[in-house]
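Structural overview for review
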Amino acid sequence: VIGIVPGVLAVGDADETLTAGTTSPTVVWGTTLTADRSASLASGYAGGKFRIVRTAAGAFNLNVGTGPLKVLATNEWCDLEHDGSSWALTAFGSL
């Protein structure tokens, strides 16, 4: 059984690997980015979800997932869901 991890993970000017069921489901990059950064997605499980939020300034990108699935600029967010075999972008927008 996979539990729910409460809370919000605040990330600085760094790359982060997100693991469904271990990492908080809401992850916020709130420190100015000094280089392109990545939100890597570890393997997940069907129904695993993340909301990635970038409030951080800076002229660099926050690349979410492999490909990437979504590139976030300042004041953008995206939702991701795992279907049992891979991660999919399910929503995105501006703050």
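Now for a quick tour of the structure. (Residues numbered from 1 in each chain as written. Predicted model: local features only at pLDDT ≥ 70, side-chain atom pairs only at ≥ 80, totals over all residues. Heavy atoms only, no water.)

Turning our eyes to something else, we now look at the nonpolar core. If you look at the biggest cluster of nonpolar residues, it comprises 17 residues, and the most contacted ones within it are Trp-29, Phe-50, Ile-52, Val-64 and Leu-80. For this core, the elements supplying multiple residues, two or more each, are strand S3 (26-29), strand S4 (37-41), strand S5 (49-54), strand S6 (62-64) and strand S8 (76-82). Excluding anything up to four places from it in sequence, Phe-50 contacts Leu-18, Thr-19, Ala-20, Thr-23, Ser-24, Pro-25, Val-27, Leu-41, Cys-78, Asp-79, Leu-80 and Trp-87. (Core = buried A, V, L, I, M, F, W, Y, C linked by side-chain atoms within 4.5 Å. Buried < 20%, exposed > 50% of the residue type's maximum accessible area, 1.4 Å probe, protein only. Helix = DSSP H or I, 4+ residues; strand = E, 2+ residues; numbered from the N terminus. Contact = heavy atoms within 4.5 Å.)

Here we have four strands laid out as an open sheet, ordered S2-S4-S6-S7, and mixed in their pairing. At either margin of the open sheet sits one strand with a lone partner, and together these are strand S2 (16-18) and strand S7 (70-72). Strand-to-strand twist of the sheet, defined as the mean angle between neighbouring strand axes without regard to direction, takes the value 20°. (Pairing = 2+ DSSP bridges. Axes fitted to C-alpha atoms, helices over the stretch in contact; angles between N-to-C directions.)

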